Every structure is written in structure tokens, then in C-alpha cells.
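If you want the building blocks of each chain, they are given just below.
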Amino acid sequence: QVQLVESGGGLVQAGGSLRLSCAASGRTFSRYTMGWFRQAPGKEREFVAAIRWSGGNTYYADSVKGRFTISGDNAKNTVYLQMNNLKPEDTAVYYCAADEGGNRFYWRTQVYETWGQGTQVTVSS
């Protein structure tokens, strides 16, 4: 069974940077899609970024394009989310998720079978 553990959240001023990590264990991930989602208080969970282990294709929400970068380290089974030029509206709990089947609808929460516990990111103005 796949397990995901996020880390790297915290409090940062607007314009600052954070790097989130998602350590995966329990299975090989060669066919997986790994995604990052976030959920702010009172809002639905939304797609942030995704990466396919096979081929390395990456995808981003328009709201973070140009500021966030998703990457993966196959040797460490870890996915990263580098977040630069953070804005107060980026404040949310960030979740890592794994889709075993590599579903093409990578932006939908429903296609991901496994989720991490989440890590809080707070951006002050």
C-alpha cells in the first residue's frame, strides 16, 4: 500500500519561497502520476500541479504557473513543489496525492487513490 508524507510547510512573507516534499513508500511509482492540491478554509480542494513519473511531463494550474515548479526524484521516491513569489492567496493546506493508473484527468481529485496528511502553508501580507 502506498503511503505519502508531506513536509516543508510553514509561515512565510509575501514574495518569499518554500519547498514542499512528498515522500512516497510502499510501491514503485514508474506508472504513477503525482499531484499537489491545496485547500483553503471554506473552499474546495483545488489542483496545483502534477507530474508523471514516466516521461516527466508536468502540469500546472494557471494561478501558479511561472511561480511553482513540481519535480521528482526517482531514487528517493520523492516529489517536490518549489513555490516562489508566494502570495497571501496561496495560503492553504497542501496535499500530495498519487494516481496509480496515470489517468489523463490529472486535475481531478477523484482520480487519485492515495493522499498525504497535508502540510500548512501560510503567506502573510
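In the block above lies the structure referred to throughout.
All values reported here derive from a predicted model rather than from experimental measurement.

S.K.: Could you clarify how one ought to interpret the sheet that holds strand β8 (residues 78–83) in this entry?
M.R.: Strands in a sheet are paired, the pairing made by backbone hydrogen bonds, and the direction either parallel or antiparallel. Strand order in the open sheet made by the 4 strands is β1-β3-β8-β7, with antiparallel pairing throughout. Only two strands of the sheet have a single neighbouring strand rather than two, namely β1 (3–7) and β7 (68–73). When strand polarity is set aside, the average angle formed by the axes of neighbouring strands in this sheet is 15°.

S.K.: How do you make sense of the state of the cysteines when you look at a structure like this?
M.R.: A covalent bond between the sulfur atoms of two cysteines is referred to as a disulfide. Per the counting criterion, the structure on display carries 1 disulfide. Two residues share a disulfide in this structure: Cys-22 and Cys-96, whose sulfurs sit 2.0 Å from each other. Its torsion about the S-S bond being -75°, the disulfide of Cys-22 and Cys-96 is classed as left-handed. Of the two residues, Cys-22 sits in strand β3 (residues 18–25) while Cys-96 sits in strand β9 (residues 92–99), which places them 74 residues apart along the sequence. As far as the burial class goes, Cys-22 and Cys-96 line up, both buried.

S.K.: What is the right way to look at the packing of aromatic side chains in this model?
M.R.: The geometry of an aromatic ring pair is captured by two quantities: the separation of the ring centres and the angle between the planes. Counted according to the given criterion, the structure contains 9 aromatic pairs. Plain terms: the ring middles of Phe-37 and Tyr-112 are 5.1 Å apart, the flat faces sit at 80° to each other, and that makes the pair edge-to-face. Of this pair, Phe-37 sits in strand β4 (residues 33–39) while Tyr-112 sits in the loop between β9 and β10 (114–115), and the two are 75 residues apart along the sequence. Residue classification places Phe-37 among the buried residues on the basis of a relative accessible area of 0%. When its relative accessible area of 5% is taken as the criterion, Tyr-112 is described as buried. Between the aromatic rings of Tyr-95 and Trp-115, the centroid separation amounts to 6.5 Å while the plane-to-plane angle is 75°, which identifies the pairing as edge-to-face. Note that Tyr-95 is positioned in strand β9 and Trp-115 in strand β10, a separation of 20 residues in sequence. On the basis of relative accessibility, which here comes to 14%, the residue Tyr-95 falls in the buried class. For Trp-115, a relative accessible area of 26% gives the class partly exposed. Aromatic ring contacts, followed pair by pair, group Phe-37, Phe-47, Tyr-59, Tyr-95, Phe-105, Tyr-106, Trp-107, Tyr-112 and Trp-115 into a single cluster.

Reading the values: rules and limits
- Sequence order as written defines residue numbering, which begins from 1 separately in each chain.
- Under the rules for a predicted model, residues below a pLDDT of 70 receive no local features and side-chain atom pairs below 80 are neither given nor counted, while totals for whole chains, interfaces and linings still include all residues.
- Heavy atoms from the whole structure form the basis of all side-chain values; hydrogens and water molecules are not counted.
- Strands are treated as partners if at least two bridges between them are detected by DSSP.
- Helix and strand definitions here come from DSSP, where helices need a minimum of 4 consecutive H or I residues and strands a minimum of 2 consecutive E residues; each element is numbered from the N-terminal end.
- In this analysis, axes come from line fits to C-alpha atoms, helices being fitted only over the stretch in contact, and the angle between any two N-to-C directions falls in the range 0 to 180 degrees.
- Cysteine sulfurs are considered disulfide-paired once they come within 2.5 Å of each other.
- Exposed residues in this analysis have more than 50% of their type's maximum accessible area, buried residues have under 20%, and partly exposed residues fall in between, with area computed by a 1.4 Å probe over protein chains only.
- Stacked, tilted and edge-to-face are the three classes assigned to paired rings of Phe, Tyr and Trp, where Trp is represented by its six-membered ring and a pair needs centres within 6.5 Å; plane angles under 30 degrees give stacked, over 60 edge-to-face, the rest tilted.

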